[in-house]
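Chain residues, written in single-letter form:
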Amino acid sequence: PPSSPISTRREFSEFSSNSGSTPPSFERITDMYGPYPLSFTAEDGDIVVRSRDFPELLTAGGTEAEAAELAEDALVVVALGRRGDGEPLPAPSRPEAGERLVHLPAAVTAKLAVIDAFEARGISKAELARRLGVAVNEAQRILDVDHKTKLDRLDAAARALGVRLIVTAEAA
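Residues numbered from 1 in each chain as written. Predicted model: local features only at pLDDT ≥ 70, side-chain atom pairs only at ≥ 80, totals over all residues. Heavy atoms only, no water.

Quick rundown of the pattern of salt bridges? Include the residues and the values.
Counted according to the given criterion, the structure contains 12 salt bridges. Each of Arg52, Glu96 and Glu99 takes part in a single network of salt bridges with overlapping partners. (Salt bridge = Lys/Arg side-chain N within 4 Å of Asp/Glu carboxyl O.)

Let's hear about the sheet that holds strand β4 (residues 46–51): which residues, and what values?
Pairing is antiparallel in the open sheet, where 4 strands are placed in the order β5-β4-β3-β6. Looking at the sheet topology across the chains shown, the edges are occupied by β5 (58–61) and β6 (99–102). Recorded for the sheet is a direction-independent mean angle of 35 degrees between the axes of neighbouring strands. Note that β4 and β5 share 4 bridges and pair antiparallel. Bridge pairing in β5 links Ile47 to Gly61. (Pairing = 2+ DSSP bridges. Helix = DSSP H or I, 4+ residues; strand = E, 2+ residues; numbered from the N terminus. Axes fitted to C-alpha atoms, helices over the stretch in contact; angles between N-to-C directions.)

Run through the packing of helix α3 (residues 125–132) against helix α5 (residues 151–160), naming residues and quoting values.
As a packed pair, α3 and α5 sit with axes 9 Å apart at the nearest point and diverge in direction by 105 degrees. Classed by the angle they form, the pair α3 and α5 counts as roughly perpendicular. Here Leu128, Arg131 and Leu132 of α3 lie close against α5, whose contacting residues are Ala156, Ala157 and Ala160. Tallied by class, residues from the contact of α3 with α5 come to 5 nonpolar, no polar and 1 charged. (Parallel < 35°, antiparallel > 145°, perpendicular 65-115°, else oblique. Contact = heavy atoms within 4.5 Å. Nonpolar A, V, L, I, M, F, W, Y, C, P; charged D, E, K, R; others polar.)

Explain α3 to me, and be specific about the residues and the numbers.
What sets the pattern is the α-helix's 3.6 residues per turn: residues three or four places apart point alike. Residues of α3 that are buried include every one of Leu128, Ala129 and Leu132, and no others. Summarising the axial view, the buried residues of α3 lie within an arc of 100 degrees, below the 170-degree limit, and thus occupy one face. In this fold, the buried residues of α3 make contact with α2 (106–121), α4 (136–142) and α5. (Buried < 20%, exposed > 50% of the residue type's maximum accessible area, 1.4 Å probe, protein only. Arc of directions from axis to C-beta.)

Structure, rendered in structure tokens:
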């Protein structure tokens, strides 16, 4: 179970035995894409934000509110940058005293889950396009970290990959 009451998860569902597909080596995996603990410290009149999980994340704002907004944006940039480079995301560290938990937006976690499911299935982009009934360039856009994809399209891609996206909403 997650250590935080707020979670965004991906679930890889077991293939049915009559699906005609070769199941991957796992039956079900639940994984989190955050939240990630970030430190917010006052330095030279700004609030500077850093991450132990993403050493390349560094941003600052003139106010707490601005720093919090920029922190989420920076987290998105580094997470998508790593996946775009073919690197996995680190598991979130346990928060330390003074750190705040920052979540990736739901659309980003859905995109990451679809990309991970696609890679786990080992199929081609052409096969994903066939399963979705779309052109190959549309499947490429769905898997492109730099292309925004609507949630309904990500959900369809997830289902075509044997994955169920789960979105939860809780008080902010």
